[in-house]
Amino acid sequence: MDYSQFLLMKQEIALLVVFLLVFLYDTFAPKKALGALSGITCALFGIYTIAGFCTCVTGVSDTAFAGMYATSPIIAMIKNVLNVGVLIVLIQSVKWVNNDSTVVRRGEFYELLLVTLFGMYLMISARHFLLFVIGLESASLPLAAMVAFDKKRYESHEASIKYILTAVFSSAIFMMGLSFVYGLSGSLYFSEIYGAIGSVSSPMIICALAFVIAGVGFKLSLVPFHLWTADVYQGAPTPVTSYLSVISKGSAAFAFLVILVQCFGAVYEDAWEWMLYALIILTITIGNLFAIRQRNMKRFLAFSSVSQAGYIMLGIVGMNAMGLAAMVYYILVYVFSNLAAFGVIQAIENNTGKVDMDDYRGLSKTNPKLSFAMMLAMFSLAGIPPFAGFFSKFFIFTAAINQGSIAIYVLVLIALINTIISLYYYLLVVKAMYISDEPSTIERFKSSCTDRVGLIITVAGIIFLGIVSVVYNHILTLAERSGLF
Amino acid sequence: MEINALYYLIPSLIMFACGVYGFITRRNMIAMLISLELMLNSVDMNFVVFNRFLFPGQMEGMFFTLFAIAIAAAETALAIAIIVNVYRANNDIDVRDICKMKF
């Protein structure tokens, strides 16, 4: 066996090293030194994130383990994007995880989080369905334990039972689809499946595709598989919610693209083009309509993230490198905008325990900086021009339209109309914070140092990612060399 | 009488359908979990049958089944732990009572 192929997995191995160091420190450090655990985890992960960006410039494209595992510069890039998100989540969660009820278990929180990230890496890099399923499960099962982390809150239990039952249900459906694929092609390698099913669709391929899309759609919370999203997002502890909505969704979206293109790319027009259109339209529209009536901020962001998942899916429609680049860029921008919103929600929840939109009335008078960060996050999520969210939407629409059929134009038109609807409910939050004259129910408070660091990073990302065009150009060159299409 | 793949695939599909039906209609969380197990087991059976009858020269389906069984066990263990948690908080494992968060 050629052991040098392990070098291709350098990101996985580095993550594993971080995990082991955190685990060993948590287990063997003397009681007095345990207080430094959060700091050490953030520092280790920060070093790893920066090192990841330094090495991805010279990324290689290759496969390992008989083609089961693949890496390329764009794959290294999406992993780095996820790392940035995880780093921000880790920084933002320090205050929460060190409160009285969770402080003894905070090691578990970090370990579970790093293990799920490892699973997502496998999902992204897998070129064989066995490895993919293992990655999918190790990404979603520890998350259920993390959702149940707040033992004192009843909602946390409720959310976790809803999450685990729907996750197992969806993975069972997904694996049923895989068994059909296996029956059709006699292999679980993506490339061999592509060759075996050819370009002619049959009822069995359509059935298998529907099952596979339903299974991954659950993870991505595409409508009509989104019903768990709002409940789980509301019940889970807020750092876990932000992790679920950004990292889990981003990795699943990328893996979804890889599966659809690499296994079923040949039957695109025959079998799943219209399936995808219907899913995208439903996801964006229903996510938006339900977001309008939410009063709880976490539920509100849950439905907003459902509709954002629809926009991310637009990157697949184009079936070209531009779509892939636009998708990765969208995920990057979404990481910053959504984590900024969750950062504000967390800071307020940790200090006052309030998560209702009505509590945010007049927030700008008592906490102007937090309101400002929230406003930028909402503008970016809605896609208002100078901020990053506008550019990510612009690129993803351009990439979709590039394919140039009437159906695509209609699809993009519907997505554009939905952007306007989303503007309404994002601005509801801004209106509550800035225009409402009622005295605020939230006192002025000083947010913790880590909250502030997290917010500064995310706000800087929102402002600069759109303007610094080199980011998108770099992603585009990586995507063109990906060899996926 | 020759026993061909169909004799295994049809029971497997019926098992899967029963699992889906049970998951949707049962109100007890343990019963729902059992239904999920039915679905996962029918997947395993499908893989083994496809491997045995259609591609006897290789072992890929069998290996997948082995891993799927392990994954199903992990899922069940975690789900049971969470159900115990819910029972402690709620004194009940009826899903109709898990309805604090809605719409």
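Remember, it's a predicted structure, so these values are computed and weren't measured experimentally.

Calculation rules
Residues numbered from 1 in each chain as written. Chains lettered and ligands numbered in written order. Predicted model: local features only at pLDDT ≥ 70, side-chain atom pairs only at ≥ 80, totals over all residues. Heavy atoms only, no water. Helix = DSSP H or I, 4+ residues; strand = E, 2+ residues; numbered from the N terminus. Rg over C-alpha atoms; globule rule 2.2 N^0.38 Å. Buried < 20%, exposed > 50% of the residue type's maximum accessible area, 1.4 Å probe, protein only. pLDDT = per-residue confidence, 0-100. Arc of directions from axis to C-beta. Contact = heavy atoms within 4.5 Å. 1 Å grid on protein atoms, 1.4 Å probe; cavity = no way out; pocket = protein on both sides within 12 Å on 5 of 7 lines; lining within 4 Å. Points joined across faces, edges and corners; volume = space filled by probe spheres on them. Nonpolar A, V, L, I, M, F, W, Y, C, P; charged D, E, K, R; others polar. Expected span 1.5 Å × (residues − 1). Buried area = accessible area lost by both parts, 1.4 Å probe. Salt bridge = Lys/Arg side-chain N within 4 Å of Asp/Glu carboxyl O.

Counting its regular elements, chain B contains 3 helices and 0 strands. Along the chain direction, N to C, the helices and strands of chain B fall in the order α-α-α. Taken over C-alpha atoms, the radius of gyration comes to 17 Å for chain B, far larger than the 13 Å a tight globule of 103 residues would show. Each of the three principal axes of chain B carries a C-alpha extent, and together these read 50 × 25 × 25 Å. For chain B, buried positions account for 40% of its 103 residues.

Here the focus is the confidence of the model for chain A. Predicted confidence across chain A gives a mean pLDDT of 92, with 99% of residues reaching 70 or more. Here strand S1 (residues 62–64) of chain A stands out as the element of chain A with the lowest mean pLDDT, 87, in contrast to helix H4 (residues 106–125) of chain A, whose mean of 95 is the highest.

Our focus in this paragraph is helix H19 (residues 470–480) of chain A. Residues and elements named next belong to chain A. For H19, the complete set of buried residues consists of Tyr 472, Ile 475, Leu 476, Leu 478 and Ala 479. Each buried residue of H19 lies within a common arc of 165° when the element is viewed along its axis, so the set occupies one face. Opposite its buried face, H19 presents the exposed residues Val 470 and Glu 480, each directed more than 90 degrees away. Looking at the packing, one finds that the buried side of H19 touches helix H3 (73–97), helix H13 (321–352) and helix H16 (388–401).

Moving on to unusual backbone geometry. Residue and element names in this part refer to chain A. A cis amide bond, omega 5°, links Val 223 with the succeeding residue Pro 224. Residue placement: Pro 224 occurs in the loop between helix H8 (203–220) and helix H9 (227–235). At Ala 66, a residue that is not glycine, the phi angle is positive and equals roughly 55°. Secondary-structure assignment places Ala 66 in the loop between S1 and strand S2 (69–71).

Moving on to the layout of surface pockets. A volume near 850 Å³ is recorded for the largest pocket. Around the largest pocket sit 31 residues that line it, and Lys162(A), Thr166(A), Leu227(A), Trp228(A) and Asp231(A) are the ones nearest its centre. Of all the secondary structure elements, the ones that give two or more residues to the lining of the largest pocket are helix H6 (154–185), H8, H9 and helix H12 (297–317) of chain A together with helix H1 (6–25) and helix H2 (29–54) of chain B. At 6 residues, H6(A) tops the list of elements feeding residues into the lining of the largest pocket. Considered class by class, the residues forming the lining of the largest pocket number 22 nonpolar, 3 polar and 6 charged.

Time to look at helix H2 (residues 37–55) of chain A. All names here are of chain A. Over its 19 residues, H2 extends 27 Å from the first C-alpha to the last, a length consistent with the 27 Å expected when each residue adds 1.5 Å. Looking at H2, one finds that the buried residues are Leu 37, Ser 38, Thr 41, Cys 42, Phe 45, Gly 46, Tyr 48, Thr 49 and Gly 52. On an axial view of H2, the arc spanned by its buried residues comes to 165°, and they lie on one face. Facing away from the buried side of H2, by more than 90 degrees, are the exposed residues Ile 47, Ile 50 and Cys 54. Tucked inside the fold, the buried residues of H2 contact helix H1 (10–28), H3 and H4.

The partner chain A presents 44 residues to the 42 residues of chain B that form the contact. Taken together, both faces of the contact between chain B and chain A bury some 3,800 Å²; the carbon and sulfur share is 77%. At the boundary of chain B and chain A, one finds 1 salt bridge. Here Glu155(A) and Lys100(B) are joined by a salt bridge, their closest N and O atoms 2.8 Å apart.

On to the side chain of Glu158(A). Relative to the helices and strands, Glu158(A) resides in helix H6. On the basis of relative accessibility, which here comes to 1%, the residue Glu158(A) falls in the buried class. Not counting residues up to four positions away in its chain, the partners in contact with Glu158(A) are Ile98(B), Cys99(B), Lys100(B) and Met101(B).

Charged atoms that come close allow side chains of opposite charge to pair. Residue and element names in this part refer to chain A. Applying the stated criterion across every chain yields a total of 10 salt bridges over all chains. Of the charged contacts in the structure, one is a salt bridge between Glu 12 and Lys 79, with a shortest N-O distance of 2.9 Å. Of this pair, Glu 12 sits in helix H1 while Lys 79 sits in helix H3, and the two are 67 residues apart along the sequence. Take Glu 12 and Lys 79: they sit in the same class, and that class is buried. Residue Asp 358 pairs with Arg 295 through a salt bridge whose shortest N-O separation is 3.0 Å. In this pair, Asp 358 sits in the loop between H13 and helix H14 (363–366) while Arg 295 sits in the loop between helix H11 (268–292) and H12, placing the two residues 63 residues apart along the sequence. By relative accessible area, Asp 358 is classed as partly exposed at 32%. Arg 295 gets classed as partly exposed once you look at its relative accessible area, which sits at 38%. Connected through salt bridges with shared partners, the residues Glu 158, Lys 162, Asp 231 and Arg 299 form a single ionic network.

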